[in-house]
Protein chains: 4
Amino acid sequence: MLEVGIVGGTGYTGVELLGILALHPHVRIRTVTSRGDAGKTVAEIYPNLLGAVDAQFVEPSVEALAGCDVVFFATPNGTAMRMTPELLARGSRVIDLAADFRLRDPKVWATWYGEPHACPELLTEAVYGLPELHRRQLGSARLVACPGCYPTSVQLGLLPLVEAGAVRLDRLIADVKSGVSGAGRKKEIPLLMSETGESFKAYSVPRHRHWPEIVQGLEQVAGTAVGLTFVPHLVPMIRGIHATLYADLQDPSIDVQRLYEHRYADEPLVDVLPPGAHPDTRNVRGSNRCQLAVHRPHGRPEAVVVLSVIDNLVKGAAGQAIQNMNLMFGIEETTGLWQLPVLP
Amino acid sequence: MLEVGIVGGTGYTGVELLGILALHPHVRIRTVTSRGDAGKTVAEIYPNLLGAVDAQFVEPSVEALAGCDVVFFATPNGTAMRMTPELLARGSRVIDLAADFRLRDPKVWATWYGEPHACPELLTEAVYGLPELHRRQLGSARLVACPGCYPTSVQLGLLPLVEAGAVRLDRLIADVKSGVSGAGRKKEIPLLMSETGESFKAYSVPRHRHWPEIVQGLEQVAGTAVGLTFVPHLVPMIRGIHATLYADLQDPSIDVQRLYEHRYADEPLVDVLPPGAHPDTRNVRGSNRCQLAVHRPHGRPEAVVVLSVIDNLVKGAAGQAIQNMNLMFGIEETTGLWQLPVLP
Amino acid sequence: MLEVGIVGGTGYTGVELLGILALHPHVRIRTVTSRGDAGKTVAEIYPNLLGAVDAQFVEPSVEALAGCDVVFFATPNGTAMRMTPELLARGSRVIDLAADFRLRDPKVWATWYGEPHACPELLTEAVYGLPELHRRQLGSARLVACPGCYPTSVQLGLLPLVEAGAVRLDRLIADVKSGVSGAGRKKEIPLLMSETGESFKAYSVPRHRHWPEIVQGLEQVAGTAVGLTFVPHLVPMIRGIHATLYADLQDPSIDVQRLYEHRYADEPLVDVLPPGAHPDTRNVRGSNRCQLAVHRPHGRPEAVVVLSVIDNLVKGAAGQAIQNMNLMFGIEETTGLWQLPVLP
Amino acid sequence: MLEVGIVGGTGYTGVELLGILALHPHVRIRTVTSRGDAGKTVAEIYPNLLGAVDAQFVEPSVEALAGCDVVFFATPNGTAMRMTPELLARGSRVIDLAADFRLRDPKVWATWYGEPHACPELLTEAVYGLPELHRRQLGSARLVACPGCYPTSVQLGLLPLVEAGAVRLDRLIADVKSGVSGAGRKKEIPLLMSETGESFKAYSVPRHRHWPEIVQGLEQVAGTAVGLTFVPHLVPMIRGIHATLYADLQDPSIDVQRLYEHRYADEPLVDVLPPGAHPDTRNVRGSNRCQLAVHRPHGRPEAVVVLSVIDNLVKGAAGQAIQNMNLMFGIEETTGLWQLPVLP
């Protein structure tokens, strides 16, 4: 049994980790920390876990976490990088669900996250936890940076085209839409139901921190510079991301459907839908899957449109983190991740 | 007082027309037709109009409508074109909220709507009712084709760029999102709340009937061919359209904000928001306004992103129809259209 | 023109007041205060009011408000009672949308609101602003306490039965449901869309501050003690209250439908729906109406069930406040309150 | 392995059955019928089951189903009673999720369901599948009638009080609220998102078919007549039922919390929340649990209020059906029912 620790167990990715891990056959939840709710039981804060998780929140500290085989950070950006070096030194492996280890260049990190990185020497060691791209490296990783939710949906959507050199790389567009749980469990007026319900809007159009992460990922695959416009939106629903991806084909005669089916043929958690399909975010709600559809819309023969849906809290966060854990510890990759999408 | 008739008063654009017209100071609702609910009072079907509209639904017929100064068609596509010639002959003016008179070329109409047009000779007479573009022609129009909801939001969003020749016309992208009332009041499984609530999806990506309408409008302005990718999505909310529009500037040094403020300076129902703003659809819910914001996102210097929001049932349908009526009859353009957006 | 001041203009009742007053023909908005947003324009915070309200928020103070004919308090409980005596002394009339002047007994007030009342001498002068019950007194009122949202829906629903002595008073039940805007615009985790969307719950079952207010109102009418069970619930929607009211008839042979139709026959803003109807909250969304239906359900012959719906921000707050203002200043009661319910 | 058949696999209870059974370790899905979608694969209609269920819909017939160890009917009322006698004769056991076998008296059935019962002789054999009440009889049952969704929530909420003789039985009130999936997957205008979203209403107040079912259940336990008022409401959410139950205690000094904790101490799928709790429906979304809380609200010392939440499609339908299947076949009761509530 893996002994597992979770830092930041009261946020939405925290509770999702707890729920999935509670049913994972090879895991024991040893430590769950929460600065605000230390002393309370998990079920007091999250009655949905009554009977499934009997842990109690404790104050976060290296002491409390050392001894865990693996520690998940479900914390705000800037937290994991402060505790990770010591946890690694003490023999725990670390999976960060925040952004601390996603960017490889500490200067880029500092530019987008507004402070110098606390352990830049670990940035190159950290493996970017997108199993569909880095499965091999994950097996031996001590430190895994889980991709952001948008970057997961956008990269899984664009990878086949970029890997195949099939599209112009100087004008990619990612028009992405997220449910409100992506913004976290924060005391903020704009996240109230009265503010976000029955309304739709774009946000952070000038710049968003997921832009450099996606560009880094695509450039690694392409081996060259990429020009990306990235526009996030807030959808009046709780869970789900839908990325609508626009690119121009180098050669309009390519069979894009086949390209996608081939690329993901052996991926257990990525579905390429049949031609003509339009994935709903609910198709993957509560599950660790990504569903993709590719289209060639009327009007511009060179245009290709890819639709990519995930559950932002599962494949976009907690589920993918556990998928990474499985790979890191030689457990079958989909173990504990069989929960089917909740529909309707 | 204008004597007004409404054909198809039980759909969502019908009830919206009824509500706005009930408070219009220069209008008397004379005839409201409904095939399914003839004999019932309006308030039986729509208790929100209790005390405001005391009309009764009657069977649709030219007889019942002749004598009206103006007849609104809030009907499925293909209905207005069958009654319009006779109504015009009898001296009524006609405002069609459906698609029958939106396309000028009967061949294009037949291609996209699947049947020959019933009165192709009227297609060139019909004025396309986007007041911000065709205000002058509307004053003398006998027959007005109200723009579709998506086309209204997309054209108002792109007009300044296209008129100014500021963008490349061969690669425009309109990623548009609509609340579910845009699909109408139809007995269809995909429109159930259990199907559309808490989920987000694209639809009709291969082709959508609003594509030729938008292209016709933009090409008229540009005087040349336009390459447009148009992708509609369904948002789990009732009212509202958000268009996210992507284009590449010919000259990245242009002041786009100023271009928009200048273009719409005298428009009473179009707001250009200050730099950095992100319009919510709720900003215009229940009102006949369009709100726009322009952005230059990080990543591609030539890229411009325009955000455009309207209420699909008001500025995208019933409200714009009444704005057109005001112009046709020499009434001050915003009369009866003062209802403020409902927020929250 | 009445010169009007609003204290607390950034909450949901504040923005609703601003929107209705902006279109009121006999009102000029002179002063709008906000502690947090002083210096900003109203339209910066509420873009839905762009073009309709050009006021700027100022710091709240008696100085800033003196000179107004009437001052609305759209503030948290405990604010109005601190400024009202001086405003009255300077000649303004006051309409409080909070709870400061709703209870007549200062001891009861202190028990339920947790502090001594700041001006108990005004509690008996204050008129309880339910026009359907106290229309006459409102004409000469200097100080009006607007009813709470739940108390408005419950009292309008029960009044005919209680006035007629038709039901047992020792076992009334009010099972009430509110949209989330009733909880206000506060930075609180339980009000996030991720917490309240797609879920339903009761809250404050042991005790809720609207209980003594409703009991006071019913006892005044009944002239005797009343036994009431009051259970509020939170509905995953923004606006609307639905009260389901249970009582036992003294005489099951009474014609309850007729009783209600008779009681509200001359009320311009209360609709008694026909027998068998079930009012939706959307029937009154955005409008100052109350809709009622009465039922005699299968199972217990003595049981009567009344369904009562209002928009919590309009008839339950801002709209009723303006209805009261109209009565206080001899303006026709429904002036400025003609906005029709937004449906769908 | 149990060989399982499902009749009516395309409704919401059908897809829920399919999803739970797909992961059940002792079950093989042998036959799934659908009148409308015969010939299609399950995953075509329900892409959320892609990779988990590879069955194909077939036309319903006794031939297609005979040979199954157990057949679930997830069909409209009146279907199961026509096929059940023959299926039983051929050796299958039957679990009906509709109402065909819920009422024991064929006359009562005919009154409430509008036609004579097709096999009244089976009504007394059928076991009412509320395991918390009839666990013992379920072990040997050939035919199980799964309780309705409302009756499950109401009976679990009231059982402890009724069994203990703690409340007056002549005035019970059940004010119940359901998400829209409870109304099924039907082409009906009132179920559209534009009709039910952002609105709340009561329905069927005069009479609802779950009334006789609840009364039958409570009377069986009480051994005497029961007076119940039952009022259902529609909540703008997809899943979940919240019952708010009102009763008057015989002796107000009773410790109701303890009564409930004691009654459900050994129930694996019923949680009694700690004093003061208010269960959210989301606490049980997607899971086969019932959560209860008991309150003694201010105002009437004899009043007790019980809050009861379930997921209408799981504990209110498909999950409870599978719980019954487990009991019928000697499988551990909670097998396959470990899915945790999805929150947020």
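Right above here is the structure, for reference.
Owing to the predicted nature of the structure, the values given are computational and were not obtained by experimental measurement. Residue indices follow the written sequence of each chain, beginning from 1 at its first position. In the order they appear in the text, chains get letters beginning with A and ligands get numbers beginning with 1. Local features in this predicted model are restricted to residues of pLDDT 70 or higher, and side-chain atom pairs are both shown and tallied only at a pLDDT of 80 or more, whereas totals for entire chains, interfaces and linings draw on every residue.

> Help me get a handle on the overall build of chain A, residues and values and all.
Where helices and strands are cited, they refer to DSSP runs of H or I of at least four residues and of E of at least two residues respectively, numbered from the N terminus. From N to C terminus, chain A includes 11 helices and 14 strands. Our radius of gyration is a C-alpha quantity, and the globule rule it is checked against amounts to 2.2 Å times the number of residues to the power 0.38. Relative to its length of 344 residues, chain A is compact, with a C-alpha radius of gyration of 20 Å against a globular reference of 20 Å. Along the longest, intermediate and shortest principal axes, the C-alpha atoms of chain A span 60 × 45 × 40 Å. Residues with at least 20 neighbouring C-beta atoms inside 10 Å of their own are called buried, those with 12 or fewer are called exposed, and the rest are partly exposed, where every C-beta is derived from the backbone. Considering chain A as a whole, with its 344 residues, one finds that 61% of them fall into the buried category.

> Lay out the interface of chain B and chain C with the relevant residues and their values.
The contact criterion used is a C-beta to C-beta distance within 7 Å, with each C-beta placed from the backbone. Listed per partner, the contact involves 27 residues of chain B and 27 residues of chain C. At four residues, the largest contribution of residues to the side of chain B that touches chain C is made by helix H1 (residues 12–22) of chain B. Three classes are used, and their members are as follows: Ala, Val, Leu, Ile, Met, Phe, Trp, Tyr, Cys and Pro are nonpolar, Asp, Glu, Lys and Arg are charged, and the others, Gly among them, are polar. Taken together, the residues that form the side of chain B that touches chain C break down as 17 nonpolar, eight polar and two charged.

> Would you mind going over unusual backbone geometry in detail, with residue names and values included?
Residue and element names in this part refer to chain A. Pro344 follows Leu343 through a cis peptide bond whose omega is 0 degrees. Mapped onto the secondary structure, Pro344 falls in the segment after helix H11 (314–328). Even without being glycine, Glu198 reaches a positive phi, approximately 50 degrees.

> Run through the relation of the copies chain A and chain B, naming residues and quoting values.
Two chain copies here: they are related by a rotation about an axis and a translation along the same axis. After a rotation of 180 degrees and a shift along the axis of 0.0 Å, chain A superposes on chain B with an RMSD of 0.0 Å. The relationship between the two copies is best expressed as a two-fold rotation axis. Identified as the residue of chain A closest to the rotation axis by C-alpha distance is Pro236 of chain A, at 3.2 Å. Residue by residue, 100% of the interface of chain A is reproduced at the interface of chain B, so both copies engage with the same surface. Alignment of copies: least-squares fit on C-alpha atoms of residues with pLDDT of at least 70 in both copies.

> For the packing of helix H7 (residues 149–163) of chain B against helix H11 (residues 314–328) of chain B, give the residues involved together with the corresponding values.
Residues and elements named next belong to chain B. Interaxial angles span 0 to 180 degrees and are taken between N-to-C directions of axes, which are lines fitted to C-alpha atoms, for helices over the stretch in contact. The interhelical angle for the contact between H7 and H11, taken along N-to-C directions, is 100 degrees, at an axis separation of 8 Å. When the interaxial angle is binned, H7 and H11 end up roughly perpendicular. Contacts between H7 and H11 involve Cys149, Thr152 and Ser153 from the first element and Lys315, Gly316, Ala317 and Gln320 from the second. In these notes the angle categories are as follows: under 35 degrees is roughly parallel, over 145 is roughly antiparallel, 65 to 115 is roughly perpendicular, and the rest is oblique.

> Please give an account of the nonpolar core that cites residues and values.
With 436 residues, the main nonpolar core has Leu292 of chain A, Phe72 and Leu292 of chain B, Phe72 and Leu292 of chain C together with Phe72 and Leu292 of chain D as its most contacted residues. When sequence neighbours within four positions are dropped, the list of residues in contact with Leu292 of chain D reads Leu156, Gly157, Tyr260, Val270, Asp271, Val272, Leu273, Val306, Leu307 and Ser308 of chain D. The nonpolar core criterion groups buried Ala, Val, Leu, Ile, Met, Phe, Trp, Tyr and Cys residues into a set whenever they are joined through C-beta atoms within 7 Å. Among the nonpolar cores identified, the runner-up in size contains 36 residues, and Val235 and Met237 of chain B together with Phe200 and Met237 of chain C belong to it.

Limitation: the analysis is restricted to geometry and does not speak to function.
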